[in-house]
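Single-letter residue listing:
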Amino acid sequence: MLFEKTRHHKLSEFQAVVLAGYGSTNRLYPISEEDNVPKALLPVANKPIISYTLDWLEKAGIHDAILLIQASGTAHQKLSTYISRGYQGSVHCNVVTVDEDCGSADALRSIKDKIERDFIVVPCDLITDLNPRDILDIHRVEDPTMTALFYESNLLEAGKDDGLAPYVGIDPIHSSLVYKVRRSEDEDFSMRMSLLNKFPRVRVHTDLGDAHLYIFKRWVIDMVADKENISSISEDLVPMLVKCQYQKKMVEREKVNGYASAQKSLLATALSLSTTASNDIDDDLFSPDPTRSNFKSPVTTRAYIYRGGFCGRGNTIASYSDLNRHETKQGASITRIPSSAEVAPKTQVGNDSVIGEHTKIDERSSVKKSCVGAHCIIGKNVKIANSVIMDNVIIGDNAKVDGCVICNNAKVMEKAVLKDCDVAGEYVVEKESQVKGEKLVAFREAIN
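Below, the structure is looked at part by part.

What counts as what
- Residues numbered from 1 in each chain as written.
- Predicted model: local features only at pLDDT ≥ 70, side-chain atom pairs only at ≥ 80, totals over all residues.
- Heavy atoms only, no water.
- Helix = DSSP H or I, 4+ residues; strand = E, 2+ residues; numbered from the N terminus.
- Buried < 20%, exposed > 50% of the residue type's maximum accessible area, 1.4 Å probe, protein only.
- Contact = heavy atoms within 4.5 Å.
- Areas by Shrake-Rupley, 256 points an atom, 1.4 Å probe, with all protein chains shown as cover.
- Phe/Tyr/Trp six-rings, centres within 6.5 Å; stacked < 30°, edge-to-face > 60°.
- Lys NZ or Arg CZ within 6 Å of the ring centre and 35° of its normal.
- Core = buried A, V, L, I, M, F, W, Y, C linked by side-chain atoms within 4.5 Å.

Of the regular secondary structure elements, the protein chain holds 12 helices and 34 strands. For the protein chain, the residues scored as buried account for 52% of the 448 residues in total. For the protein chain, long-range pairs separated by at least 24 residues make up 58% of all intrachain contacts whose partners lie at least 6 apart in sequence. By element, 47% of the accessible surface of the protein chain is carried by carbon and sulfur atoms, the whole surface being about 21,700 Å².

Printed below as a string of structure tokens:
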């Protein structure tokens, strides 16, 4: 199914593919289930998380985006409704559905005919203050097959649900991405000699987060379309491109030269038009090294490391909660309490919190380091801290909520105490309940 929002737009240098939620959602269970909202529409500071991605693309000067979302359920309808009625930006968006169980590269394969030029793949849950033109300019100048974004992890809960950070090997001279594997405590670290022959100096990082943002040459999607064994971008496609830089047999076996030669690089085009360039010049002539391979791969991959600013993903409940705290922290330029909200005079709303439209909060309550959505009703003497409360939630008198995510239309009855819980949409927490560290879902089912 294809939904297209029609608006006047101009042609941009890159197309964008936004992975808007499909496949296994266990890490966001139960907050992205059918009775709540799809992953792309989860609120961060009371704005859909995908809106931050689309704003970033707009700043990058990218005007065309394909949003990939699962076909099952109502997720695609909810996202399409937001794009047509709620999204106010200038990015021209097509909502395209894919099978729920397909991998990210499989999803790319399904839209091959819609990709007409070099493209960026970005997850819908990425929030960063990286200036997009910084990474795009590096990609333009160096013209690699792929540029991947990594960042120094800076979320408070980083690694809690994601396990160990991967091994990321980077050639310090050219910033080439030459090694990326999952890291585990019971496996030894190893590298191929062919890698070290090609890249004698490799700096291995164990503290970098993978933003899963990639810039690809157009020909890459042609290769993906022909090779059905490539199912995942991060697990299959990226490792293959990395290895093709130094494994001659893989380049020959996969016929990579044929795909790469179909698209002329910007550098090759510039040199072909130059009146001073010499065909006899070769970089290796200036620094001959008999120990290094003379294999010239058609593939180059670059790692861009973002340091000093904010970058994080909301792909687990812990990291999703952290994104909310970051976007509502003191000093953020947001409206804390809209004019339509009714907050009793003796109620305290911290300058690290935000209240949604038409929400009512009764007297002697407090909200600290939290996001409260629209059309909520909060009773008397309610304590809310470190939590995300979505839309149309009712919280009764004298209830306490700490470190929780409470989904749309849920109810927390009087004197209930919740600590580190995830409450599914429409769930009712009984009065005087005391629950800690549980996922409260429909039919009174609890999963530890």
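Moving on from the coordinates now.
What follows is about the packing of aromatic side chains. Scanning the model with the defined rule gives 3 aromatic pairs in all. Here the aromatic rings of Tyr-82 and Tyr-87 are separated by 6.4 Å at their centres, their planes lie at 50°, and the arrangement is tilted. As far as the burial class goes, Tyr-82 and Tyr-87 line up, both buried. Centroid distance Phe-119 to Phe-216: 5.5 Å. Interplanar angle 35°. Geometry classified as tilted. Within this pair, whereas Phe-119 is found in strand 7 (residues 119-123), its partner Phe-216 is found in strand 13 (residues 208-216), the two being separated by 97 residues in sequence. Considered together, Phe-119 and Phe-216 belong to a single accessibility category, that of buried residues. One aromatic cluster is present, built from ring pairs that chain together Phe-119, Tyr-214 and Phe-216. Taking NZ or CZ as reference, Lys-47 lies 4.5 Å from the ring centre of Tyr-52, over its face.

Ranked by size, the top nonpolar core spans 55 residues in total, and within it Ile-50, Leu-67, Leu-79 and Leu-213 carry the most contacts. Looking at this core, the element that brings in the most residues is helix 1 (residues 49-59), giving 6 residues. If we skip the residues at most four places from it in the chain, Leu-67 touches Val-18, Ala-20, Ile-50, Leu-54, Leu-79, Ile-83, Cys-93, Asn-94, Val-95 and Val-96.

Take unusual backbone geometry next. Phi is mostly negative for residues that are not glycine, and the peptide bonds are mostly trans. The linkage connecting Tyr-29 with the following residue, Pro-30, adopts the cis geometry, with an omega of 5°. Note on placement: Pro-30 falls in the loop between strand 2 (15-19) and strand 3 (43-44). Non-glycine residue Arg-364 carries a positive phi angle of around 60°. Along the chain, the position of Arg-364 falls in the loop between strand 19 (360-361) and strand 20 (366-368). For Asn-409, which is not glycine, the phi torsion reads 65° and is therefore positive. Within the secondary structure, Asn-409 is located in the loop between strand 27 (405-406) and strand 28 (411-412).

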